[in-house]
Amino acid sequence: MVFDLRGGQLHAEAVPLAAIADAVGTPTYVYSETALRTAAEAFAAALTDVPAKQLMFAMKANPNAMVLRTLAGLGFGADIVSGGELALARRAGLAPQDIVYSGVGKTPAELAAALGAGIGRFNLELEREGEVLSALARARGRRAPALLRVNPHIDAHTHAKISTALADSKFGIGYGEAAAMYGRLAALPGLDMHGIAVHIGSQITDLAPLRASYRRIGQLLARLRAEGHRITHVDLGGGLGVSYRAGEPGADVAAYGTMVAQETRDWGVTLLFEPGRFIAARAGVLLTRVLWVKPGQPYPFVVVDAAMNDLARPALYDAWHDFAAVQPRRDRFVANIVGPVCESGDSFARARVVDRVEEGDLAVFHTAGAYGAAMASTYNARALVPEVWVEGDRFAVIADRVPAADLRPQRLPEWIASRDPAGPSLPALIP
Ligand SMILES: *Cc1c(COP(=O)(O)O)cnc(C)c1O
């Protein structure tokens, strides 16, 4: 572990978290280069028996440029889901060939931008999207490389909000319709259809649903080939889960690799993988300070300076993040851990046994490197939370704390500002 007690003080690698809090303030995310690298290497190592593969980090889990660059150094491209992510990936230095574009609602403008950038492939979610992409590509004298995302109708046994392969899911093309639609898409002049994609959900720790979905994909692959299609790539998506709670197991990545090698042995394709959470979650903590300990019945409320706008997962998915003091006292107590936002949902833990903390203490929420800063907002006009990178005994701010007023300049309509030139106008206050 890289977020460990050393001399009674929680560190990120060799840096005391207290030193980061002094320099940067709280709340802040803190990432460990070593932890990120360790997870990425474990994922790659698990797939040594897969002869042809491309690893694409699902950057929606953590779109910070240092994260992308570090992973690029380990051979990872990026799975993007928006034009904004395309811009960030390009700015982080990723080659367009190493980008795959997923997502159910790509706009025509986003499709055109990605086509213009020359990205590696598009994972199509519906037939009309394929028709529009084909037309855009033709207009440029090109053919867009594309896979069809298939919904295998498998229950991933994960939280409802991160399941994507139930029959009523918005994602992918139903297993039963996929072959016919693939045929129509492959006939379009502006598309180079060359395979299929699947992604059944996130935080999956039981390999059985993944195996079942890959099996269905294998059957579809055989059928498409029998119908004369040239299939060179299959994208197996992401979804591997991690342990968020001491004592609860995460996904066994080595077993996953063995399962993939078995299930895909005869496919004869290049496999794509889109892990997000598995790579980034354990590489980050959210560092926070205890503002108040408010008496409560039956348990006190520990009010920390981090909130649901900084780490949304507990409010969104009832997610668990282990909470730990940076300088633990010896004892523990039962408490509710809550943030300052004016929502009852702004709660990180209910009636949980945690390190005893007092006013002014520093603490962390563990396993916050994925879907943490990536989901941050400025709700309650709170600042956008910063991010800090740690390598050994060095640290640096890699994303600034941005006050809400700076992030989203507001202005008065011109006809109102001009009617009252003497009065204070917002554009004058906030350029
Ligand atoms: C979110 C997503 C991923 C990554 O999921 P993780 O659970 O973070 O691994 C991969 N592929 C697609 C299409 C996604 O939407």
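Keep in mind that what you see is a predicted model, and the values were worked out from it rather than measured.

(A) Quick look at the layout of surface pockets. Roughly 630 Å³ of internal volume is contained in the largest pocket. Forming the walls of the largest pocket are 28 residues, and the residues nearest its centre are Met-1, Phe-3, Asp-322, His-366 and Thr-367. The set of elements that each furnish at least two residues to the lining of the largest pocket consists of α2 (33-46), β16 (323-325) and β18 (347-355). Residue composition of the lining of the largest pocket, grouped by class: 18 nonpolar, four polar and six charged. Reported here for the second largest pocket is a volume of approximately 540 Å³. The wall of the second largest pocket is formed by 31 residues, among which Lys-60, Val-81, Thr-164, Phe-171 and His-199 lie closest to the centre. Each residue belonging to the lining of the second largest pocket can be placed in one class, and the counts come to ten nonpolar, twelve polar and nine charged.

(B) Structural context of the site of the ligand. Surrounding the ligand, one finds 14 residues, the nearest of these being Lys-60, Ser-202, Glu-274, Arg-277 and Tyr-371. Asp-79 has a polar side-chain atom sitting 3.3 Å from a nitrogen atom of the ligand. Note that a nitrogen atom of the ligand is positioned 2.5 Å from one of the side-chain N or O atoms of Glu-274. A total of 390 Å² of accessible area belongs to the ligand in isolation, and the protein chains cover 93% of it. Classifying every residue of the shell around the ligand gives three nonpolar, six polar and five charged.

(C) Geometry of helix α7 (residues 178-186). Residues of α7 that are buried include every one of Ala-178, Ala-179, Met-181, Tyr-182 and Leu-185, and no others. Buried residues in α7, looked at end-on, bunch into an arc of 160°, giving them a common side. Buried residues in α7 make contact with β8 (121-124), α6 (127-139), β9 (144-151), β10 (173-174), β11 (191-197) and α8 (207-226).

Cut-offs used in this document
- Residues numbered from 1 in each chain as written.
- Predicted model: local features only at pLDDT ≥ 70, side-chain atom pairs only at ≥ 80, totals over all residues.
- Heavy atoms only, no water.
- 1 Å grid on protein atoms, 1.4 Å probe; cavity = no way out; pocket = protein on both sides within 12 Å on 5 of 7 lines; lining within 4 Å.
- Points joined across faces, edges and corners; volume = space filled by probe spheres on them.
- Helix = DSSP H or I, 4+ residues; strand = E, 2+ residues; numbered from the N terminus.
- Nonpolar A, V, L, I, M, F, W, Y, C, P; charged D, E, K, R; others polar.
- Near = heavy atom within 4 Å.
- Polar contact = N/O pair within 3.5 Å; in protein donor to acceptor, adjacent residues only side chain to side chain.
- Areas by Shrake-Rupley, 256 points an atom, 1.4 Å probe, with all protein chains shown as cover.
- Buried < 20%, exposed > 50% of the residue type's maximum accessible area, 1.4 Å probe, protein only.
- Arc of directions from axis to C-beta.
- Contact = heavy atoms within 4.5 Å.

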